[in-house]
Amino acid sequence: MTLIPTLAETVSRARADLRMGLPVMIGGQLAAAVETLSQPRLQAILALGQPVLAITERRAETLKARAYDDGLARVQVPPDADLRWLRALADPADDLRVPMKGPLFTARDGDTAPHRAALGLAKSAQLLPAMLVVPASPQLGPQPGLTELAPGPLLAHLAQEAAMAPVAAARLPLLAAENSRLHIFRPDDGGAEHYAIEIGDPPRDAPVLARLHSACFTGDVLGSLKCDCGPQLHAALNAMGQAGQGVLLYLNQEGRGIGLANKMRAYDLQNQGFDTVEANHRLGFEDDERDFRIGAALLKRLGFGAVRLMTNNPRKVAMLEGHGIAVTQRVPLITARNRHNTGYLDTKAEKSGHLL
């Protein structure tokens, strides 16, 4: 047994560092999240040399910056740049008010693995995907307190599926079904825990009525009218309660995997006139950043190999089938529309392929 951190533990530590505003070392490059960076640390980074701002191609398209590298743009940072300038590039909140942010010059050629790894780490920390990156020059000197990662192993780790371990389970009578049990699972990558609500005692040798439900604080808890998440959650639990059995997986992937803070940023953009997909792209994210492999892993841990899946999203069906779970039936889960979510639902159908 060793006390030296594993790769997974080091990556988890690096996420926490970025969220606290501390830079990390990735393949000889110093990388800091613009969202949490302080002015004194920015000055220290600028003193090291010529940094670049790594942003995703999605964000670069909005800024009219050339993305010479597939999926990535490296914007050259001027010597007199301050946090206000950097955050204006990272956060689209004021794009309409101040649309002209250039001219922006982007780098081309060279090794981009550290920059890609830095953006992947920022996304996994649910921060805006905008990373200030500068080569660690000799004048920096030893920095024993900084977390260090190699880009290749980091990218491979971020792409791999986390292993789920059961932590606790107990009977939990619900309004929808008194005979229910809540299971807690913890991933080995230091990420958020996920939950399984088991209704009744469904047999493991038959397709179970199941739903993969992504956490939605605004809809599930506050009753937001902007989405259909809360009504879908309760409709699914009620259907399972009426059937006497089922399993609902509650996956902590708020805002399609971008986190609650970024989801609120997306809502602010939607209030400016952008649809849900356009808002995600302006923030630098893809349409959907969730990892549905988690659902397949949890079903297997619970002993299920086949499901009748309650979903309007064909991607969930394909994902489960591609990861060893047979989907014998897609069960539609249509809820009532209102004047606040009609546009959102139309976009899900038109741009994300939901069957509504």
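Residues numbered from 1 in each chain as written. Predicted model: local features only at pLDDT ≥ 70, side-chain atom pairs only at ≥ 80, totals over all residues. Heavy atoms only, no water.

Per an unreviewed UniProt entry, the protein chain goes by GTP cyclohydrolase-2 and derives from Paracoccus siganidrum. Per its UniProt entry, the protein chain bears the Pathway (unreviewed entry) comment "Cofactor biosynthesis; riboflavin biosynthesis; 5-amino-6-(D-ribitylamino)uracil from GTP: step 1/4." Note on the protein chain: under the UniProt heading Sequence similarities (unreviewed entry), the record states "Belongs to the GTP cyclohydrolase II family." (UniProt positions renumbered as here; feature names shortened; annotations may be inferred.)

Caption draft 1: Layout of the UniProt feature "binding site: Zn(2+)" (unreviewed entry) in the protein chain. Residues annotated in UniProt with the feature "binding site: Zn(2+)" (unreviewed entry) correspond here to Cys216, Cys227 and Cys229. In this structure, Cys216 sits in the loop between strand E10 (208–214) and helix H7 (217–221). Taking the relative accessible area as the measure of exposure, Cys216 reaches 3% and is therefore buried. The topology assignment puts Cys229 in helix H8 (residues 229–243). You can call Cys229 buried: its relative accessible area is 16%. When near neighbours in sequence (up to four residues on either side) are disregarded, Cys229 contacts His213, Cys216 and Asp220. (Helix = DSSP H or I, 4+ residues; strand = E, 2+ residues; numbered from the N terminus. Buried < 20%, exposed > 50% of the residue type's maximum accessible area, 1.4 Å probe, protein only. Contact = heavy atoms within 4.5 Å.)

Caption draft 2: How the structure looks around the nonpolar core. Core analysis: the biggest nonpolar cluster contains 27 residues, and Leu53, Ile55 and Leu132 have the highest contact counts within it. Elements represented by at least two residues in this core include exactly strand E2 (29–33), helix H2 (39–46), strand E3 (52–56), helix H3 (57–63), strand E4 (72–76), helix H4 (83–90) and strand E5 (130–135). Residues contacting Leu53, with those up to four places away along its chain left out, are Val34, Ala73, Arg74, Val75, Val77, Leu86, Leu89, Ala130, Met131 and Leu132. Ranked by size, the runner-up nonpolar core spans 24 residues in total, among them Met164, Ala196, Ile294 and Val327. (Core = buried A, V, L, I, M, F, W, Y, C linked by side-chain atoms within 4.5 Å.)

Caption draft 3: Focus on the pairing of strand E12 (residues 306–310). Within E12, four of the five residues are buried, which leaves the element mostly enclosed by the surrounding structure. Summarising the sheet, E10 and E12 pair through three bridges and their orientation is parallel. Bridge pairing in E12 places Leu209 opposite Arg308. In terms of strand pairing, E12 meets strand E13 (residues 326–331) through five bridges, oriented parallel. Looking across to E13, one finds that Arg308 is bridged to Gln329. (Pairing = 2+ DSSP bridges.)

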